[in-house]
Amino acid sequence: MDVEKAELIAINALTWILQNPNYLSSFIGITGVTPIDFRKNATETEFLGSILDFILSKDMYTLEFCASHDYEQQSISIARQFLPGSHLPNWT
C-alpha cells in the first residue's frame, strides 16, 4: 500500500458515509462537521484520515464498508497509517 491507495480507500469511505444517512448523521454528531466542511475538506488528507477513523471506530462500519467495496478488513487500518494523524505505534 502507498499514500495514493490509502487516499483512494478513504475517498471511497467518504462516499460510502455520504450515501448512508444513518452513518452520515453519526459522523456529523461525533465530529460536528457541516456540509460545507465536507465539500471544502473532501480531498484533504487529514480529513480523509478522520473518515477512516470513523470507519474503524465500530466493527459494524468496517465490515459493511469492506463488504461494499470488496476490501479486506485489515486494509482499512493499514490505509489509516498512511494518512496524517495516525498515531499507531510501529513496533518494528
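Below: a short report on this structure. Everything numeric in this text was worked out from a predicted model, so none of it was measured. (Residues numbered from 1 in each chain as written. Predicted model: local features only at pLDDT ≥ 70, side-chain atom pairs only at ≥ 80, totals over all residues. Heavy atoms only, no water.)

1. Section: the overall build of the protein
A tally of helices and strands in the protein yields six helices and zero strands. Secondary structure of the protein in N-to-C order comes out as α-α-α-α-α-α. Its C-alpha atoms give the protein a radius of gyration of 12 Å, within 12% of the compact-globule value 12 Å for 92 residues. Projecting the C-alpha coordinates of the protein onto the three principal axes gives extents of approximately 40 × 25 × 20 Å. As displayed, the protein offers around 5,700 Å² of accessible surface, 54% of which is attributable to carbon and sulfur atoms. (Helix = DSSP H or I, 4+ residues; strand = E, 2+ residues; numbered from the N terminus. Rg over C-alpha atoms; globule rule 2.2 N^0.38 Å. Areas by Shrake-Rupley, 256 points an atom, 1.4 Å probe, with all protein chains shown as cover.)

2. As for helix α5 (residues 59–69)
Where α5 is concerned, the buried positions are Y61, T62, F65 and C66. Taken end-on, α5 shows its buried residues confined to a sector of 120°, consistent with a single buried face. In α5, those exposed residues whose orientation departs by more than 90 degrees from the buried face are D59 and A67. Those residues of α5 that are buried lie in contact with α1 (3–18), α2 (21–31), α4 (45–56) and α6 (73–81). (Buried < 20%, exposed > 50% of the residue type's maximum accessible area, 1.4 Å probe, protein only. Arc of directions from axis to C-beta. Contact = heavy atoms within 4.5 Å.)

3. Regarding the packing of α1 against α2
Axis separation between α1 and α2 bottoms out at 6 Å; the angle between their running directions is 105°. Relative to α2, α1 is oriented roughly perpendicular. Within the contact between the two elements, α1 uses W16, I17 and L18 and α2 uses Y23, L24 and F27. A class-by-class count of the residues in the contact of α1 with α2 yields six nonpolar, no polar and no charged. (Axes fitted to C-alpha atoms, helices over the stretch in contact; angles between N-to-C directions. Parallel < 35°, antiparallel > 145°, perpendicular 65-115°, else oblique. Nonpolar A, V, L, I, M, F, W, Y, C, P; charged D, E, K, R; others polar.)

4. Thoughts on the packing of aromatic side chains
Tallying each qualifying case throughout the model produces nine aromatic pairs. With 5.3 Å between their ring centres and 85° between their planes, F27 and F54 make a pair best called edge-to-face. Of this pair, F27 sits in helix α2 while F54 sits in helix α4; the two residues are 27 residues apart in sequence, bridging distant segments of the chain. An angle of 45° between the planes, with centres 5.5 Å apart, marks the rings of F65 and Y71 as tilted. The exposure classification of F65 matches that of Y71, with both residues buried. (Phe/Tyr/Trp six-rings, centres within 6.5 Å; stacked < 30°, edge-to-face > 60°.)

5. Quick notes on the nonpolar core
Generally speaking, nonpolar side chains in soluble globular proteins are found buried as a group. Counting 25 residues, the largest nonpolar core has I17, F27, L52, F65 and I76 as the members making the most contacts within it. Those elements that place two or more of their residues in this core are α1, α2, α4, α5 and α6. At seven residues, α1 tops the list of elements feeding residues into this core. Ignoring anything within four residues of it in the chain, the contact list for I76 reads I9, L52, I55, L56, T62, F65, C66 and Y71. (Core = buried A, V, L, I, M, F, W, Y, C linked by side-chain atoms within 4.5 Å.)

Such coordinate-based values are descriptive only and should not be taken to indicate function.
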